[in-house]
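A look at the structure
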Amino acid sequence: MSLEAVKIESKQKFIEIYQDNIDTLKNDAPEYINIARQKAFELFKNIGIPDKKNENYKYTDLNKEFDNGYKMYLSPKNIKFQINDIFRCDVPEINTKVILLLNGWYYDRENLITELPGGAIIGSFQKAAELYPDLVKKHFAQYADMEKEGMVALNTAFVKDGIFLYVPKDVLIEKPIQIINLLMDEEEGFTQHRNLFILEEGSQASVVVCDHTLSTPNFLTNSVSEIFVGQNAGFDYSRMQNEHNGSKQVSHLYFHQERDSRVNANTITLHGGLVRNNVHVLLNGEGCENNTYGLYLTDKGQHIDNYVFMDHAFPNCISNQLFKGVLDDFATGAFNGKVLVRKDAQKTKAFQANNNILLTDDADINTKPQLEIYADDVKCSHGATVGQLDEDAMFYLRARGIPKKEAKLLLMYAFANDVIKAIQVPALQDRIQDLVDKRLRGELSRCNSCQMHCC
Amino acid sequence: MLLIKNLRASVEGKEILKGINLEVKAGEVHAIMGPNGSGKSTLASVLAGREIFQVTEGKVSYFGKDLLEMSPEERASEGIFLGFQYPIEIPGVSMVNFMKTAVNEQRKHKGLDPISSSDFLKLMREKKELVELDAALANRSVNEGFSGGEKKRNEIFQMAMLEPKLSILDETDSGLDIDALRIVANGVNKLKTAENATIVITHYQRLLDYIIPDYVHVLNNGKIIKSGGKELAFELEEKGYDWLKNDSDK
Ligand SMILES: Nc1ncnc2c1ncn2[C@@H]1O[C@H](COP(=O)(O)OP(=O)(O)OP(=O)(O)O)[C@@H](O)[C@H]1O
Ligand SMILES: [Mg+2]
């Protein structure tokens, strides 16, 4: 079948699913959500799923991945299992309440909304849309761009559930909140959860997100998170992606930062068949700081593609991007980072780096850091490297009695550590260090039967 | 301890060692001198197991075993230590982690349990003092941003930590100021026993005032062209290498 045919087919398939299930979709969703849904559907009908002709998806053909018969989760499916047996958070610094999404649905159906100290709210997006319409309406579908991005349009057309977090003005949530995206089923499934994080002025929170597969069938995920970070607010986002090789995911993070806000976003890709991470940042006021970091460790036939769009729309903001990756076997990857400095964004400081180590001749990465600068008084830099492990360093280590395999690990670990060091929560940093170490040692490969308490 | 017979080695098809013969016994100190590019570092690298050099002929036995059959890490664990002429910087690998891994891997090789954390820290402290290594250096990444002299001192520190049987010190004296030279030489002398041996590669007779060699060898164009006692070093200091080269050409 030609690519064009696949493209039309997979698009057509979603159009049909939408039309066939329009009642289920619109059911128990407030009117304002359904208006956005309808608009998204019309957009999707035009745009469809991006293929390789789309400059931003040159190295990851989503059409191929979406041409499948996976089941969609249009209502919550009840799978009985004791989450506490699987995830018992033993890092004392982390909130003990684990927030769980199962195949895109808020798991704790008895307590869809939880109030945290100071009036903060965490819970099901679907429930929040019903209970707090003013709040949700103000932010939902405001930052994620469905006009340009067919996948966001698709997600919005099918929007049902996901995570909702609200932190009111000047409220600080001290302990990180752990969110687990769990995929588990007897058959192949396609999930599209939708998250909304709202941090009002002067508030602060951190979340730790873990993506997991708990059963063997293939999974596909197309998730969208919109994150509003108000004036002088601070948000830490750490994510660990650890899914099996039969899983594919496209993830979209949209950060909207108001003046003097600070965001750290750190994505650690430990495992996954195909992973495409889109991070969009709009620095929408003076004095913002954004640190967007990523680490990917891939092997076998895995594919990782990181895309970052950093939009400096106002003066005096700082952004740092650091993406590092180790690719083994015949793994492939891409990095595409764009920094846009608009005309008025004077005194911008923007830095971007992508460094890669290829462990074999068959591993491959395409890296394209880009700067687009329209202001004249700025400090920007970008750079990319693709290389092998340093032979001289290898020999130096071995000459002290460290076996080849161990020496390789030390060097890979050292390489990865720049990204891990940027994780703000010390206890989490230790845990991730440990996970990365295990991953590099090849001890994390069977994560579909995982009992590994990711944090 | 070490017996080198007619050793020939090349890199990228170019022969660099052209038939080296050398015997080192326990308790001895051998100095190797010779002009730039004569193959001194190559000999050291071949003994340590650097794979870019191909051994084309000859034998090296170490305590009766075929050294050339062993991987670099095996050689190290069997007691061979190479002090690098140009120590490598390894950003992101801390000195502590590096040394702990090296010590434990060598212990594992000997069938010993890993060293306890407190014993390890004690050992580090002791050896740092021995070579007067700035304590702050041990908290940094391996050789990263170390000055030339600090790197050399760090080599001796590692040697002290690993207690090798055969140390090959490749120009550990170059780049050292006179105080540092004395400290490094003291370190070497304090570690000297009747069971171990040292090969020092140097350009300067000066070092040999501190580390007194039993033998001095002159390497030229991949061959040892003269061997003698420590007085040979004085002669070289005075006359250079040309008289020997002419000698060997005849
Ligand atoms: N990796 C290599 N590739 C090509 N040639 C090499 C390589 N390593 C060494 N050589 C060559 O081998 C010869 C001997 O080099 P070596 O480093 O052993 O000399 P040396 O005696 O240690 O010199 P110095 O006193 O300057 O340290 C030189 O001509 C050098 O250029
Ligand atoms: Mg040399």
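These numbers were taken from a predicted model, which means no experiment stands behind them.

Analysis parameters
- Residues numbered from 1 in each chain as written.
- Chains lettered and ligands numbered in written order.
- Predicted model: local features only at pLDDT ≥ 70, side-chain atom pairs only at ≥ 80, totals over all residues.
- Heavy atoms only, no water.
- Contact = heavy atoms within 4.5 Å.
- Buried area = accessible area lost by both parts, 1.4 Å probe.
- Salt bridge = Lys/Arg side-chain N within 4 Å of Asp/Glu carboxyl O.
- Polar contact = N/O pair within 3.5 Å; in protein donor to acceptor, adjacent residues only side chain to side chain.
- Helix = DSSP H or I, 4+ residues; strand = E, 2+ residues; numbered from the N terminus.
- Nonpolar A, V, L, I, M, F, W, Y, C, P; charged D, E, K, R; others polar.
- Donors = N, O, S within 2.8 Å, 3.2 Å for Na, K, Ca; no water.
- Buried < 20%, exposed > 50% of the residue type's maximum accessible area, 1.4 Å probe, protein only.
- Near = heavy atom within 4 Å.
- Areas by Shrake-Rupley, 256 points an atom, 1.4 Å probe, with all protein chains shown as cover.
- Pairing = 2+ DSSP bridges.
- Axes fitted to C-alpha atoms, helices over the stretch in contact; angles between N-to-C directions.
- Phe/Tyr/Trp six-rings, centres within 6.5 Å; stacked < 30°, edge-to-face > 60°.
- Lys NZ or Arg CZ within 6 Å of the ring centre and 35° of its normal.

**Quick look at the interface of chain B and chain A**
- Taken together, the contacts link 31 residues of chain B with 17 residues of chain A.
- Interface of chain B and chain A: buried area, both sides summed, is about 2,000 Å²; carbon and sulfur atoms make up 65% of it.
- In terms of surface lost to chain A, no three residues of chain B exceed R50(B), E73(B) and I88(B), which account for 28% of the buried area on that side.
- In this structure, the connection of chain B to chain A is made through 4 salt bridges.
- In this structure, R398(A) and E51(B) form a salt bridge, with 3.4 Å as the shortest nitrogen-oxygen distance.
- Run the count over chain B and chain A and you get 11 residue pairs in polar contact (both at pLDDT 80 or more).
- Broken down by secondary-structure element, the contributors of at least two residues to the side of chain B that touches chain A are helix 1 (40-48), helix 2 (72-77), strand 6 (80-83), strand 7 (90-94), helix 3 (95-109) and helix 5 (148-162) of chain B.
- No other element matches the 6 residues that helix 3 of chain B contributes to the side of chain B that touches chain A.
- Within the side of chain B that touches chain A, the residues separate by chemical class into 16 nonpolar, 10 polar and 5 charged.

**So, the coordination of the magnesium ion (ligand 2)**
Residue and element names in this part refer to chain B.
- Note on the magnesium ion (ligand 2): its protein donors are S41 (OG) and Q85 (OE1). The metal-donor distances range over 1.9 to 2.1 Å. Highlighted residues: S41 in helix 1 and Q85 in the loop between strand 6 and strand 7, separated in sequence by 44 residues.
- With a relative accessible area of 26%, S41 lands in the partly exposed category.

**Details of the site of ligand 1**
All names here are of chain B.
- Around ligand 1 sit 17 residues in total, of which I16, G37, K40, S41 and T42 are the nearest.
- Measuring from an oxygen atom of ligand 1, one finds a side-chain N or O atom of N36 at 3.0 Å.
- Contact distances for ligand 1 include 3.0 Å between an oxygen atom and a side-chain N or O atom of Q85.
- Considered on its own, ligand 1 offers 630 Å² of accessible surface; in the complex 68% of this is hidden by protein.
- For the shell around ligand 1, the elements supplying multiple residues, two or more each, are strand 2 (14-24) and helix 1.
- Looking at the shell around ligand 1 element by element, the count peaks at 3 residues for helix 1.
- Considered class by class, the residues forming the shell around ligand 1 number 5 nonpolar, 8 polar and 4 charged.

**Some details on the environment of E65(A)**
- Among the structural elements, E65(A) can be located in helix 4 (residues 62-66).
- Along the chain, E65(A) and A36(A) lie 29 residues apart, while their C-alpha atoms are 26 Å from each other.

**Here's the deal with the sheet that holds strand 1 (residues 2-11) of chain B**
Residues and elements named next belong to chain B.
- Spatially, 4 strands are ordered 2-1-4-5 in an open sheet, and the strand pairing comes out antiparallel. The open sheet terminates on both sides in strands that have one partner only, identified here as strand 2 and strand 5 (65-66).
- With 2 bridges joining them, strand 4 (residues 54-62) and strand 5 adopt antiparallel strand pairing. Bridged to S61 within strand 5 is D66.
- Helix 1 rests against strand 1, strand 2 and strand 4 of the sheet, and its axis sits at about 110° to strand 1.

**Re the pairing of strand 11 (residues 219-229) of chain A**
Residue and element names in this part refer to chain A.
- With 11 of 11 residues buried, strand 11 is to be regarded as a mostly interior element.
- By the alternation rule, side chains of strand 11 split into F219, T221, S223, S225, I227 and V229 and L220, N222, V224, E226 and F228, which are all buried.
- As judged from the 6 bridges shared by strand 9 (residues 194-199) and strand 11, these two strands associate in the parallel manner. Opposite I198, over in strand 11, you have F228 as the bridge partner.
- Note: strand 11 against strand 13 (residues 247-257), 11 bridges, orientation parallel. Across the sheet, residue E226 finds its bridge partner in strand 13, namely Y254.

**Focus on the packing of aromatic side chains**
- Under the defined criterion, the tally for this structure stands at 17 aromatic pairs over all chains.
- Aromatic ring contacts, followed pair by pair, group F14(A), F44(A), F66(A) and F190(A) into a single cluster.
- Across from the ring centre of F415(A), 4.3 Å away, lies the NZ or CZ of K324(A), which sits over that ring.
- Positioned over the ring face of Y204(B) is R206(B), at 5.8 Å from the centre of the ring.

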